[in-house]
Amino acid sequence: MQKFLDEARKYMGAKEIPGLNHSPWVLSLFKRLGHGWVRDDETAWCAAFVGNVLENCGVQSTKKLNARSYLTWGHEVPTDEALPGDIVVFWRGKPTTPQGHVAFFVGWDDKGNPKVLGGNQSNMVCVATYPRMRVLSVRRA
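Source: prediction; values computed, not measured.

**Q** Describe the pattern of salt bridges, and please don't skip the residues or the numbers.
**A** In total, this model carries five salt bridges according to the counting rule given. Across the salt bridge formed by Glu7 and Lys10, the nearest N and O atoms sit 2.9 Å from each other. The salt bridge involving Lys63 is made with Glu55; its shortest N-O contact spans 3.3 Å.

**Q** Tell me about helix 1 (residues 2-9), and please be specific about residues and values.
**A** One turn of an α-helix holds 3.6 residues; hence residues three or four places apart share an orientation. Taken together, the buried positions of helix 1 are Phe4, Leu5, Glu7 and Ala8. An end-on view of helix 1 places all buried positions within 165° of arc, on one side of the element. Looking at the packing, one finds that the buried side of helix 1 touches helix 3 (46-56), strand 3 (100-108), strand 4 (114-121) and strand 5 (124-129).

**Q** Quick one: what's the story with the packing of aromatic side chains, residue by residue and with numbers?
**A** The geometry of an aromatic ring pair is captured by the separation of the ring centres together with the interplanar angle, meaning the angle of the planes. Using the criterion set out here, one finds eight aromatic pairs in the structure. For the pair Tyr11 and Phe49, a centre-to-centre distance of 6.2 Å together with 85° between the ring planes defines the contact as edge-to-face. Residue Tyr11 is found in the loop between helix 1 and helix 2 (24-32), and its partner Phe49 is found in helix 3; the two are separated by 38 residues along the sequence. We classify Phe49 as buried; its relative accessible area is 1%. Cation over ring: Arg134 sits above Trp91, and NZ or CZ is 5.7 Å from the ring centre.

**Q** Report on the environment of Ile17, specifying residues and quantitative values.
**A** Along the chain, Ile17 falls in the loop between helix 1 and helix 2. Separated by 31 residues in sequence, Ile17 and Ala48 place their C-alpha atoms 17 Å apart. Excluding anything up to four places from it in sequence, Ile17 contacts His22, Ser23, Pro24, Asp41 and Glu42.

Rules and cut-offs
- Residues numbered from 1 in each chain as written.
- Predicted model: local features only at pLDDT ≥ 70, side-chain atom pairs only at ≥ 80, totals over all residues.
- Heavy atoms only, no water.
- Salt bridge = Lys/Arg side-chain N within 4 Å of Asp/Glu carboxyl O.
- Buried < 20%, exposed > 50% of the residue type's maximum accessible area, 1.4 Å probe, protein only.
- Helix = DSSP H or I, 4+ residues; strand = E, 2+ residues; numbered from the N terminus.
- Arc of directions from axis to C-beta.
- Contact = heavy atoms within 4.5 Å.
- Phe/Tyr/Trp six-rings, centres within 6.5 Å; stacked < 30°, edge-to-face > 60°.
- Lys NZ or Arg CZ within 6 Å of the ring centre and 35° of its normal.

Pasting the structure below:
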């Protein structure tokens, strides 16, 4: 799983373009997974980022744009056993709605919340911390 983090780190700082223009790099994430119809970088792209990182590492992704599609990818491991490079799926909005977020596990903060490296975090690729209570699943290849 370390190879996933190494690959994802290559894109740290890549971001959307504010306004009417759109990041060609973000649009390329959609196109590579078969979603070339997406023409803006305002479309949620966290799952497209995860999918591209996996595919760049020679691992099959879900090729889907919804974060929760990763709830069936790989196999689930207990949250407490998360290792760097595991995929973490979070709920967004409410636990029962279809919205979510997906990113690569980096570690824990001092309050026990997961730090993850992902795309579309503050409109860019970066490390962010999310509340542990929002974790739906930790997935391992």
